[in-house]
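Given next are the chains, with one letter for each unit.
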Amino acid sequence: MMKMKSGVEQAICILIMLATQIDRRPIKSAILSKRLSVSDSYLKKVMRSLVVSGLVDSEAGKDGGFRLNRTPEEITMLHIYEAIEGTHSFVRPTNLAEKVFLRAEKIKDKKKEVLEVFFDAEQQFKARLQKYTLDSLLVEGSERVGTVDWESIVLSAEI
């Protein structure tokens, strides 16, 4: 079974917060990390990946923070997955087959067969992620999720 980094789930939650932020105001990393109960240093690593991928924009300064760089309709789950996990294939041959198949022609054939199955599964996985957008998470039934002032929610929870 393939294991994804927890950063993928956190990135989705961060993007939902940014997409629902009132008036598209930037959100500071401290607000995001408090709301998601993750360390600010780890959150900043996830944010860096989202900024480098072009999904999120970073604004410096007193009123700065992070905001979406694309619309929720333009952001697919594949964009988010690849921002955190990278675009490389998750199928990596290790040459262990040579240790269990003693005939050279069997090694080559079986290794190719197994890799083809995994590459095919990877293509189906990525094609499915490509079809699902961030926007689809912002709709409940026939209604859109409303906007939120995340800073006031997080700060009022501390009182």
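Notes on the structure in this doc start here. (Residues numbered from 1 in each chain as written. Predicted model: local features only at pLDDT ≥ 70, side-chain atom pairs only at ≥ 80, totals over all residues. Heavy atoms only, no water.)

**Let's talk about the layout of surface pockets**
We apply this condition: A cavity here means a set of points on a 1 Å grid, drawn over the protein atoms and nothing else, where a 1.4 Å probe fits but cannot get out; a pocket is an open set with protein on both sides within 12 Å along at least five of seven lines, and a residue lines either one if it has an atom within 4 Å of a point. Grid points are joined across faces, edges and corners, and a volume is the space filled by probe spheres set on the points. Gly falls in the polar group here, along with every residue not listed as nonpolar (Ala, Val, Leu, Ile, Met, Phe, Trp, Tyr, Cys, Pro) or charged (Asp, Glu, Lys, Arg).
Quantified by volume, the second largest pocket comes out at close to 160 Å³. In terms of lining, the second largest pocket is formed by Gln 21, Arg 25, Pro 26, Ile 27, Lys 28, Ile 31, Lys 62, Asp 63, Gly 64, Asp 149, Trp 150 and Glu 151. Here the residues of the lining of the second largest pocket sort into four nonpolar, two polar and six charged.

**Re the pairing of strand β2 (residues 65-68)**
Stated precisely, the cut-off is as follows: In short, DSSP must find at least two bridges between two strands for them to pair. Put simply, DSSP marks the helices as runs of H or I at least four residues long and the strands as runs of E at least two long, and each gets a number from the N terminus on.
As paired elements, strand β1 (residues 56-59) and β2 share four bridges and run antiparallel to each other. The residue bridging Val 56 from the neighbouring strand is Leu 68, located in β2. Here β1 hands over to β2 after five residues, with Gly 61 in that stretch at a positive phi of 110°.

**Re the packing of aromatic side chains**
The test is simple: The rule is short: rings of Phe, Tyr and Trp, with Trp giving its six-membered ring, pair when the centres are within 6.5 Å, and they are stacked under 30 degrees, edge-to-face over 60, tilted in between. A 1.4 Å probe rolled over the protein chains alone gives each residue an accessible area, and that area as a share of the maximum for its type sets the label: buried under 20%, exposed over 50%, partly exposed in between.
Counted according to the given criterion, the structure contains one aromatic pair. Judged by centre distance (5.3 Å) and plane angle (80°), the rings of Tyr 81 and Phe 125 are edge-to-face. Here Phe 125 lies in helix α6 (residues 104-131) and Tyr 81 lies in helix α4 (residues 77-85), a separation of 44 residues in the sequence. Taking the relative accessible area as the measure of exposure, Phe 125 reaches 25% and is therefore partly exposed.

**Things to note about the packing of helix α1 (residues 6-20) against helix α3 (residues 40-52)**
Applicable threshold: Fitted lines through C-alpha atoms serve as axes, helices being fitted only where they are in contact, and the angles separating the N-to-C directions of these axes extend from 0 to 180 degrees. An angle counts as roughly parallel when it lies under 35 degrees, as roughly antiparallel when it exceeds 145, as roughly perpendicular when it falls between 65 and 115, and as oblique in every other case. In what follows, a contact means two residues having at least one pair of non-hydrogen atoms within 4.5 Å.
Between α1 and α3, the least distance of the axes is 10 Å, while the angle of their chain directions is 75°. Classified by the angle between their axes, α1 and α3 sit roughly perpendicular to one another. Seen from α1, the contacting residues are Ser 6, Gly 7, Gln 10, Ala 11, Ile 14 and Leu 15; seen from α3, they are Tyr 42, Leu 43, Val 46, Met 47 and Leu 50. For the contact of α1 with α3, a count of residues per class yields eight nonpolar, three polar and no charged.

**Structural notes on the environment of Lys 34**
Inspection of the secondary structure puts Lys 34 in helix α2 (residues 29-36). A residue is classified by how much of its surface remains accessible, and Lys 34, at 46% relative accessible area, is partly exposed. Residues Lys 34 and Asp 63, 29 residues apart in the sequence, show an inter-C-alpha distance of 18 Å. Setting aside chain neighbours within four positions, we find Lys 34 in contact with Val 154 and Glu 158.

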